[in-house]
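Survey of secondary and tertiary structure
Read off the chains here:
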Amino acid sequence: MPVAKPESCDSRVIAHIDMDCFYVQVEQRKQPQLRGLPTAVVQYNEWKGGALIAVSYEARKFGVKRSMRGEEAKEVCPQIHLVQVPVARGKADLNGYRNAGSEVMSILARRGRCERASIDEVYLDLTDAAETMLAEAPPQHLEAIDEEALKSHILGLNNEDGSDVKEIVRNWIHRCHADHRDKLLACGILIVAELRMQVLKETEFTCSAGIAHNKMLAKLASGMNKPAQQTVVPFSSVQGLLNSLPIRKMKQLGGKLGMSLQIDMGVNTVGDLLQFSEEKLQERYGLNTGTWLWNIARGINGEAVEGRLLPKSHGSGKTFPGPRALKTVSAVQHWLNQLCEELSERLCSDLEQNKRIAHTLTLHARAYKSSDSDSEKKFPSKSCPLRYGTAKIQEDAFNLFQAGLREYIGLYGVKSQGSHYSRWGITSLSVSASKIVPIPSGTCSIVKYFHWQSSSHFSSIQSAENLRMDATHLSPPGNESYSEVGLPEPKIHFPGEDSWIEDTTPGLGLQEQKINVWKDEDLSCSPSKKKVDGFTEDTSPLLLSGTQGCLEQNQNKQQREFSKDESRFKSEYREQKGTRLKNKGTSSILKFFKSCNPSGTSLSQEHDRTVQGTDAQLTNGAGFQSSCHNLAELNEVEVAKENGTSSHSYIRDQDEWRREAWSYNINEIDPSVIDELPMEIQDEIQAWLRPRKRPNNIV
DNA sequence: ACGGATGCGACG
DNA sequence: TCGTCGCAT
Ligand SMILES: Nc1ccn([C@H]2C[C@H](O)[C@@H](COP(=O)(O)OP(=O)(O)OP(=O)(O)O)O2)c(=O)n1
Ligand SMILES: [Mg+2]
Ligand SMILES: [Mg+2]
């Protein structure tokens, strides 16, 4: 499964940092009186006290475990404090934890490349920082070693046996005879200790860390001594560590693969893997996995730490177990609306804070079918272009659901829902947004070039044509092959339920309105917005809801400044196949931004991946106040213009879609702007220009 | 079918 | 690509 990479002598300094009982700490920061007490975070208190998803170390002493029920926990630890996960829109709301995780990450990213590995952990590549320290201020010459560093656990050292451990650690850090790799790890110890102290000081959270020469070992080490400790894996201790390590403890081997190794191959420890040749492992588990296993057995893991602080997707979902399964279309629609509302908020936050736009909306569902106790059938996932705006997301998600449902039902006969309404039940629903790319807004001159402009409030009602058109307006690298599931199709009739749905055939506008009305009636749980006019879908400004990292806020201010500019910039991009700019690769622009954006307070790393072939067509009303709202409208406006000026046919094949999405009209770019760009960018742009003067691909 | 809500990567 | 699956926190 995991991809393998080579590297004979890997001397990188990699750290893995994992927050201690993270959700608990987040709640304890909110309620400091809970600190030091046995505490757990539960979600959905109603049933058996809710399920535990995080447990404090005090509570763990009593045997309290994750996935216990609240009531169980009370049994083994009567004094335990159970804190509920916040609920919004009838579902768990994890945003507080996400934001807390972002706080931590912005600190941990200070000393080297940082990869968000989960909501509470990151990998760091500290190689450069360690090398620099070794050259400029080697630990050997330091008189005072930080106390936190002295508390490190160094695998393979004679510690844990009584004598003065800190002295031993101090000696290990200081010693001059160490080989280069150990010296680098010694630097890693100091850097990580410092980072962890900064995290504690600035967030009040403790964390634990592993420091090693690769991600696998660092991850392994971070979990060995918790909480609030750090563990180092010198090269010399690797084999000893792995030889006795149960195979399931290795990341990626905790499931079927690990079980297969154990049962089919008799591999109980990672060391047991050494007996098998790479070919043997490949033969059984495939080329990639085979090589990966062979390497893992030897402590080799060349996977790079990706520089990515932000998630690649956003999802919102809920399960409806057993008797609670959704059995009517309107119930599904209700919950889809909730999920989409949350998703839309988070997309809006992402846009504001990180200037990123998501391009694909996906709906996942699970269903059971009690027709002939043949339950457990796969409900197909469906995706479509993502249009911003809560109501649009809701509408599109609902259409995706209907498309999935038609398929799902069709698989065993469309007829059956006629007389006795469907026998299906939806046991889980989720919507997610993916293909998230930064809005290109590179150098200062480019930023100036993009005048964020105001847009008036248009109706959000869209024609079916536009619904297709705006799909690819702002597009991620190479996508745009979308099926028609996003198109409004005749609604399925479910007699006896959802009566109003049956007469929504004519237009989206009607349906939209009805949805809103329905929402208004039955959705009192949604606090912020009460005004629903048929058009403006979501008037609650997301800006107010965020407890967002202050880091990005600065950039928002910057954008607000630009947004005051009334003038308008517009360009269309046209690009030919083959000259498409890649996210990674040899783009000079990419290199340029990489070299000039080493530090920064924003979690957004847009500059590292600028020039996605998209263009900023964003406009913005009064400041940024309604930015999210306007974005959706803007898409439509631009599309409409596009239609008018270039007379596109909206019946095009996928290839045309692709070109469309990447295309722009170079003639509308002011040449003088190019002169302001750095030379290496100018070169590249000049290279684009010539081949670009070509006839259009459009009719 | 009460182990929920998310998120990532690889496969075909 | 999309959709499915595995694995993870
Ligand atoms: N099955 C899981 C595992 C984790 N989490 C959430 C709650 C945790 O607090 C957070 C981090 O997961 P960890 O595995 O890192 O566990 P903790 O941080 O809670 O404890 P530890 O100190 O062992 O890392 O993710 C979750 O919701 N569901
Ligand atoms: Mg943790
Ligand atoms: Mg974790």
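These remarks concern the structure in this document. Per chain, residues are indexed from 1 in the order of the written sequence. Note on labels: chains are lettered from A, ligands numbered from 1, in written order. The predicted nature of this model means local features are confined to residues of pLDDT at least 70 and side-chain atom pairs, given and counted, to a pLDDT of 80 or more, with totals for whole chains, interfaces and linings taken over all residues. Neither water nor hydrogens contribute to the side-chain values; these are computed over all heavy atoms in the structure.

Here we come to the packing of aromatic side chains. Pairing of aromatic rings covers Phe, Tyr and Trp, the last counted by its six-membered ring, and requires centre-to-centre distances within 6.5 Å; plane angles under 30 degrees mean stacked, over 60 mean edge-to-face, and any other angle means tilted. Under the defined criterion, the tally for this structure stands at seven aromatic pairs. Residues Phe22 and Tyr23 carry aromatic rings whose centres are separated by 6.2 Å and whose planes lie at 55 degrees to one another, so their mutual orientation is tilted. The same class applies to Phe22 and to Tyr23, which are both buried. Among the aromatic residues, those joined into a ring-pair cluster are Phe22, Tyr23, Tyr97 and Phe205. Whether a residue is buried, partly exposed or exposed follows from its accessible area with a 1.4 Å probe, protein chains only, as a fraction of its type maximum: under 20%, in between, or over 50%, in that order.

Around ligand 1, a shell composed of 14 residues is seen, among which Asp18, Cys21, Tyr57, Arg60 and Asp120 lie nearest. Pairs of N or O atoms within 3.5 Å make up the polar contacts considered here, provided that, within protein, one atom can donate a hydrogen while the other can accept it, and that residues adjacent in sequence are counted only when both atoms are side-chain atoms. One of the backbone N or O atoms of Met19 is found 3.1 Å from an oxygen atom in ligand 1. At 2.5 Å from an oxygen atom of ligand 1 is found a side-chain nitrogen or oxygen belonging to Tyr57. Using a 1.4 Å probe, the Shrake-Rupley method yields the accessible areas, and only the shown protein chains count as cover for residues. Look at ligand 1: alone it shows 540 Å² of surface, and the protein chains cover 69% of it. By definition, any uninterrupted DSSP run of H or I lasting at least four residues is a helix, any uninterrupted run of E lasting at least two residues is a strand, and each is numbered from the N terminus. Counting residues per element, the ones that place at least two in the shell around ligand 1 are strand E1 (14–19), helix H1 (22–30), strand E3 (51–55) and helix H2 (57–60). One heavy atom suffices: a residue is near a molecule or strand as soon as one of its heavy atoms comes within 4 Å of it.

Two strands are counted as paired when DSSP detects at least two bridges linking them. A sheet is described by the order of its strands in space; here four strands give the open sequence E12-E15-E13-E14, paired in antiparallel fashion. Each having just a single partner strand, strand E12 (314–319) and strand E14 (382–385) make up the two edges of the open sheet. Taken over all neighbouring pairs, the strand axes of this sheet differ in orientation by 15 degrees on average, direction set aside. As paired strands, strand E13 (residues 356–369) and strand E15 (residues 424–438) are joined by 13 bridges and run antiparallel to one another. Looking at E15, one finds that Ala365 is bridged to Leu429. By definition in these notes, contact holds between two residues if any of their heavy atoms fall within 4.5 Å. Here an axis means a line fitted to C-alpha atoms, over the contact stretch when the element is a helix, while the angle between two N-to-C directions is reported on a 0 to 180 degree scale. In the packing of helix H14 (residues 329–354) onto the sheet, contacts are made with E12, E13 and E15, and the angle to E15 comes to roughly 15 degrees. The strands that helix H15 (residues 390–410) touches are E13, E14 and E15; relative to E13, the one it contacts most, it runs at about 35 degrees.

How far a helix is expected to stretch is found by multiplying one less than its residue total by 1.5 Å. Its 14 residues give helix H4 (residues 95–108) an end-to-end C-alpha distance of 20 Å, which sits within 8% of 20 Å, the value for a rise of 1.5 Å per residue. Of the residues making up H4, those classed as buried are Asn95, Tyr97, Ala100, Gly101, Val104, Met105, Ile107 and Leu108.

Glancing now at the pairing of E1. In terms of burial, E1 is a largely internal element, six of the six residues being buried. Side chains Ile14, His16 and Asp18 project from E1 onto one buried face, and the interleaved Ala15, Ile17 and Met19 project onto a second face that is buried too. Both E1 and strand E10 (residues 207–212) contribute to a ladder of six bridges, which runs antiparallel. Opposite His16, over in E10, you have Gly210 as the bridge partner. By the bridge criterion, five bridges tie E1 to strand E8 (residues 121–125) in an arrangement that is antiparallel. The residue of E8 that forms the bridge with Ala15 is Leu124.

Here we take up the coordination of the magnesium ion (ligand 2). Metal-coordinating donors are taken as N, O and S atoms lying within 2.8 Å of the metal, or within 3.2 Å when the metal is Na, K or Ca; because water is left out, some sites can appear incomplete. Bound to the magnesium ion (ligand 2) are the protein donor atoms Asp18 (OD), Met19 (O) and Asp120 (OD), situated 1.9 to 2.2 Å from the metal. Angle rules define the geometry names used: all angles between 85 and 135 degrees makes four donors tetrahedral, while opposite donors over 155 degrees apart and all other angles between 65 and 115 make four donors square planar and six octahedral, leaving every other case irregular. Classification of the site at the magnesium ion (ligand 2) rests on its six donor atoms, whose angles at the metal span 78 to 178 degrees, yielding the label octahedral. Here the donor residues of the magnesium ion (ligand 2) are spaced in sequence according to D-M-x100-D. The metal-metal distance between the magnesium ion (ligand 2) and the magnesium ion (ligand 3) is 3.4 Å, with Asp18 serving as a donor to both. Neither residue differs from the other here; Asp18 and Met19 are each classed as buried.

Secondary-structure assignment places Arg111 in the loop between H4 and strand E7 (113–118). Expressed as a C-alpha distance, the spacing of Arg111 and Leu126, which sit 15 residues apart in the sequence, is 6.7 Å. If sequence neighbours within four positions are ignored, Arg111 has contacts with Leu126, Ala129, Met133, Ile191, Glu194 and Leu195. Among the polar contacts made by the side chain of Arg111, one reaches the side chain of Glu194 at a distance of 3.5 Å.

Moving on, we come to the coordination of the magnesium ion (ligand 3). Distances from the magnesium ion (ligand 3) to its protein donors, namely Asp18 (OD), Asp120 (OD) and Glu121 (OE), fall within the range 1.9 to 2.3 Å. Motif for the magnesium ion (ligand 3), donor spacing along one chain: D-x101-D-E.

Below, the discussion takes up the sheet that holds strand E4 (residues 81–84). Taken together, three strands build an open sheet; the order of strands is E3-E2-E4 and the sheet is mixed. The sheet terminates laterally at E3 and E4, the two strands that pair on one side only. Averaged over all pairs of adjacent strands, the angle between strand axes in this sheet comes to 35 degrees, irrespective of strand direction. For strand E2 (residues 39–43) and E3, the ladder comprises four bridges, and the chain directions are antiparallel.

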